[in-house]
Amino acid sequence: MTSPKISPSAAKVLFGFHAVGVRLKTAPASVIEVYFESTRRDARMRQFLDRAREAGVRLIEADALRIAKLAGSHGHQGVAARVQPLEQARSLDDLLEQLEPTGEPPLLLVLDGITDPHNLGACLRVADGAGAHAVIAPKDHAAGINATVAKVASGAAETMPYFMVTNLARTLGELKERNIWVIGTSDDAPRTLYQADLKVPVALVLGAEGQGMRQLTRKTCDELVSIPMHGAVESLNVSVASGVCLYEALRQRG
């Protein structure tokens, strides 16, 4: 099925081998054109260009500066692509309703106050790796998906549903109505992550490093848990903490 035509102004930019490579693999028809650094001739670039040619996409030779301007970053690895945005057809409600008949307990990652695109990209990547069903964030206290997020996520920004909600506390309340247990992380929680039952339908809530969750978000949680810290540092980066929590859920679920 051919992708609908869209105006150039509606196109988005992906950069880096992982982000562009995943789009070529999962939705090649959505790739408008790929820019590649003509002076780079190593094996990784050759393999990437072979994949792009197999997908039938338009290839454009460019220098590193032009690609950096297109990507808005010098960390492009010599590759960038203009692509049609993929529609996020499903709402959070739709996703949860589709999960119900499978009997698989939902595993959701909720990020409160994560505004750094590098942190968001890393969280999306770890959520994808751990098999989470979605990542949720508030519209007014969160980073959106941009080229930097997609690059850091290494393709997970294309595969992991990311829902930005108007009112996070209300959304958490709606999850609770669906019998999803809302567990927040806090340094001062009386119980540790490893004492929590993560086999049930669960939403794991993490706040920004240092300040943590907002007070209303914290009050909305069913339970608070801590990640044990035995060294000199007081807290983990949010993407690392997300990985610890999600993979503990994965371990418990067997």
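The structure this text deals with has already been given above.
These figures come from a predicted structure and were not determined experimentally.

Here we look at the overall build of the protein
Looking only at helices and strands, the protein has 10 helices and 11 strands in total. For the protein, whose C-alpha radius of gyration is 20 Å, the value lies close to the compact-globule estimate of 18 Å for 254 residues. Judged by the C-alpha coordinates and their principal axes, the protein covers about 55 × 45 × 35 Å. Restricting the contact set of the protein to residue pairs at least 6 apart, pairs at least 24 apart contribute 80%. Here the protein contributes 28 positively and 28 negatively charged side chains, and the mean placements of these two sets differ by 6 Å.

Here's the deal with the sheet that holds strand S1 (residues 12–15)
Strand order in the open sheet made by the 4 strands is S1-S4-S2-S3, with mixed pairing throughout. Both edges of this open sheet fall to S1 and strand S3 (58–62), since each of them pairs with a single strand only. Neighbour-to-neighbour, the strand axes of the sheet open up by a mean angle of 25°, direction not taken into account. Taken together, the 5 bridges between strand S2 (residues 31–37) and S3 define a ladder with parallel strand orientation. What sits directly across from Val34, in S3, is Leu59. Sheet strands in contact with helix H2 (residues 43–55) are S2, S3 and strand S4 (79–83), and its direction is about 160° off that of S2. Its contacts with the sheet place helix H3 (residues 64–71) against S1, S2, S3 and S4, and it is angled at close to 140° to S2.

Remarks on helix H1 (residues 17–26)
Burial of H1 is extensive: 7 of the 10 residues sit out of reach of the surface. Every buried residue of H1 is accounted for by Phe17, Ala19, Val20, Gly21, Val22, Arg23 and Leu24.

Remarks on the packing of H1 against H2
Close contact between H1 and H2 brings their axes to 10 Å; oriented N to C, the two are set at 25°. If you check the angle between H1 and H2, you find them roughly parallel. When you trace H1 past H2, the crossing you get is left-handed. From H1, Phe17, His18, Val20, Gly21 and Leu24 reach across to H2, where they touch Arg44, Met45, Phe48, Arg51, Ala52 and Ala55. Partitioned by chemical class, the residues of the contact of H1 with H2 number 7 nonpolar, 2 polar and 2 charged.

What to know about the state of the cysteines
Tallying each qualifying case throughout the model produces 0 disulfides. Between Cys123, a free cysteine, and Cys245, which holds the nearest cysteine sulfur, the sulfur-to-sulfur gap is 10 Å. Classification of Cys123 by relative accessible area gives buried; the value is 0%.

Some thoughts on the pattern of salt bridges
Under the defined criterion, the tally for this structure stands at 13 salt bridges. Glu33 is the partner of Arg58 in a salt bridge, and the nearest nitrogen-oxygen pair spans 2.8 Å. Within this pair, whereas Arg58 is found in strand S3, its partner Glu33 is found in strand S2, the two being separated by 25 residues in sequence. Judged by its relative accessible area of 7%, Glu33 is buried.

Calculation notes
Residues numbered from 1 in each chain as written. Predicted model: local features only at pLDDT ≥ 70, side-chain atom pairs only at ≥ 80, totals over all residues. Heavy atoms only, no water. Helix = DSSP H or I, 4+ residues; strand = E, 2+ residues; numbered from the N terminus. Rg over C-alpha atoms; globule rule 2.2 N^0.38 Å. Contact = heavy atoms within 4.5 Å. Lys, Arg positive; Asp, Glu negative; His and termini not counted. Charge placed at Lys NZ, Arg CZ, Asp CG, Glu CD. Pairing = 2+ DSSP bridges. Axes fitted to C-alpha atoms, helices over the stretch in contact; angles between N-to-C directions. Buried < 20%, exposed > 50% of the residue type's maximum accessible area, 1.4 Å probe, protein only. Parallel < 35°, antiparallel > 145°, perpendicular 65-115°, else oblique. Left-handed = near helix turned anticlockwise from the far one by under 90°. Nonpolar A, V, L, I, M, F, W, Y, C, P; charged D, E, K, R; others polar. Disulfide = S-S within 2.5 Å. Salt bridge = Lys/Arg side-chain N within 4 Å of Asp/Glu carboxyl O.

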